[in-house]
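Residues per chain are reported as follows:
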Amino acid sequence: MKRVVSILALVVSPYILGAEKSETTEKVFHTNGAGRLSIGNIFGPITVTAAGGSEVRVTMVKTMHGDSDSDIALAQREVSVESTQEAGDVKLKVKYPCDCCHDDDCCGGHHERHYSVRYEFRVQAPPGMALKLATVNDGDITVHGAFGDFDVNNVNGSIEMTDLAGSGQAHTVNGKVTVEFAKNPTGPTSFKSINGELRVTFQPGLSADVQLKTFNGEAWTDFDTTALPTASEHWTGHRYARDQASAIRIGSGGPAIRFDAFNGNIYILNRGKKS
C-alpha cells in the first residue's frame, strides 16, 4: 500500500506543483566584428562576454512554467526569440503573443494563459561591437570585455560591466549599477538607478564634467575635483551632501558624465587607487 501511495504522489505532483520544461538553443552569427549586438529580453538575465574572432555565439535557455503540460505546449508555440542580422548588426528579441506586455490580455499574462517564460541569454561577441541590452524582470545584465558604445537598461535587476572601452548609458530602476572602465569614456555617458547604488571605476587621468543627483544618498570620489559654480555650496573636498543636483569637474573637464541615484550612494572611483 505504501508503494501505491508513492506512485500516485508522483503522478499527481505535476498538477499540484505545476509543470516545468527547459530547452537550450544555440546560434552563431558571422559578423564583421564591428557592428551592434541588440538583445531585448523580458524575464531573465543577459550575460555578454568579449571573445576573439568575428562570430557572435548565443546560447539561449528557455524555461517554461505552467499549470499543466498543455500550458507548457502553449508557451512553446507562443513565446520565441526573433533573431535578425543586417550586415554586422545582430538583433535578438523575445516575442510574446502580442508585442505589448503592458496589458493583462496580452503576453501570456492573465487572459487564458497560465504559463510564464524565462529566457537566459549567454553570449560571446567580438570586443569591437556596440551593445544594446535590455531586460525587465528576474535577471541581471552582466558584461565583461572592452566593447564599444553601450545602451544597457534593466528594471528589476542589477547591471555589472567590467573592462569597458566605450561611452553610453547604464540605467536600472531596482538594482545597483557597477561599472569598471578599461578606457575612459570619450562621449556623453550616464548611470542611473532609482533604488540602488552607483559604483563606477575609471582609469587614472579621467577628465570629465560630472553631474550628480541623489535624494536619499551621498556621492564620493577619490579623484581631485573642482566644484562648478552650481555646486559650490554642496561639494566639499571629495564628498557631496545629498541635494537635488550638483556638478563637479574632474581633471581639465571633458565629456559629460551623469550620475542619478534617487535612493542610493554614488561612488566615482580611480582605478589607480584601488586597494
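Okay, so let's go over this structure. (Residues numbered from 1 in each chain as written. Predicted model: local features only at pLDDT ≥ 70, side-chain atom pairs only at ≥ 80, totals over all residues. Heavy atoms only, no water.)

1. Some details on the overall build of the chain
Next, step 1: Secondary structure assignment for the chain yields two helices and 23 strands.
Next, step 2: Counting only carbon and sulfur atoms, one obtains 50% of the accessible surface of the chain, whose full area is about 13,700 Å². (Helix = DSSP H or I, 4+ residues; strand = E, 2+ residues; numbered from the N terminus. Areas by Shrake-Rupley, 256 points an atom, 1.4 Å probe, with all protein chains shown as cover.)

2. As for the nonpolar core
Next, step 1: Grouped together as the largest cluster of nonpolar side chains are 58 residues, with contacts concentrated most on Leu37, Val48, Leu92, Phe121, Phe191, Phe202 and Phe259.
Next, step 2: Among the elements that take part in this core, strand 7 (residues 115–125) stands out by supplying six residues, more than any other.
Next, step 3: If sequence neighbours within four positions are ignored, Leu37 has contacts with Val48, Val56, Val90, Leu92, Val123, Ala125, Met129, Ala130, Leu131, Lys132 and Leu133. (Core = buried A, V, L, I, M, F, W, Y, C linked by side-chain atoms within 4.5 Å. Buried < 20%, exposed > 50% of the residue type's maximum accessible area, 1.4 Å probe, protein only. Contact = heavy atoms within 4.5 Å.)

3. Details of the pairing of strand 9 (residues 141–144)
Next, step 1: Examined bridge by bridge, strand 3 (residues 46–50) and strand 9 share four bridges and lie parallel to one another. Residue pairing in the sheet places Ile46 in a bridge with Ile141 of strand 9.
Next, step 2: The pairing of strand 9 with strand 11 (residues 159–164) spans four bridges and is parallel. Paired with Thr142 across the strands is Glu160, a residue of strand 11. (Pairing = 2+ DSSP bridges.)

4. Examining the pattern of salt bridges
Next, step 1: In the structure shown here, the tally under the stated rule is nine salt bridges.
Next, step 2: Arg122 is the salt-bridge partner of Glu120, the closest N and O atoms lying 3.2 Å from each other.
Next, step 3: The exposure class assigned to Glu120 is partly exposed, which follows from its relative accessible area of 23%.
Next, step 4: Overall, the relative accessible area of 38% leaves Arg122 in the partly exposed class.
Next, step 5: Across the salt bridge formed by Glu197 and Arg199, the nearest N and O atoms sit 3.1 Å from each other.
Next, step 6: Overall, Arg199 belongs to the partly exposed group, its relative accessible area being 30%.
Next, step 7: One network of salt bridges, with partners in common, ties together Asp163, Glu180 and Arg271. (Salt bridge = Lys/Arg side-chain N within 4 Å of Asp/Glu carboxyl O.)

5. Structural notes on the packing of aromatic side chains
Next, step 1: Within the structure shown, the criterion is met by six aromatic pairs.
Next, step 2: Judged by centre distance (5.2 Å) and plane angle (10°), the rings of Phe215 and Phe262 are stacked. Placement of the pair is Phe215 in the loop between strand 16 (208–214) and strand 17 (219–221) and Phe262 in the loop between strand 22 (256–261) and strand 23 (266–270), with a sequence separation of 47 residues.
Next, step 3: The exposure class of Phe262 is partly exposed, given its relative accessible area of 37%.
Next, step 4: One aromatic cluster in this structure is built from Phe150, Phe181, Phe191, Phe202 and Phe259. (Phe/Tyr/Trp six-rings, centres within 6.5 Å; stacked < 30°, edge-to-face > 60°.)

6. Describing the side chain of Thr63
Next, step 1: Mapped onto the elements, Thr63 comes out in strand 4 (residues 55–66).
Next, step 2: Given a relative accessible area of 15%, Thr63 falls into the buried group.
Next, step 3: Of the polar contacts made by the side chain of Thr63, one reaches the side chain of Ser22; its length is 3.1 Å.
Next, step 4: When neighbours within four sequence positions are excluded, Thr63 is seen to be in contact with Glu20, Lys21, Ser22, Ser116, Val117 and Arg118. (Polar contact = N/O pair within 3.5 Å; in protein donor to acceptor, adjacent residues only side chain to side chain.)

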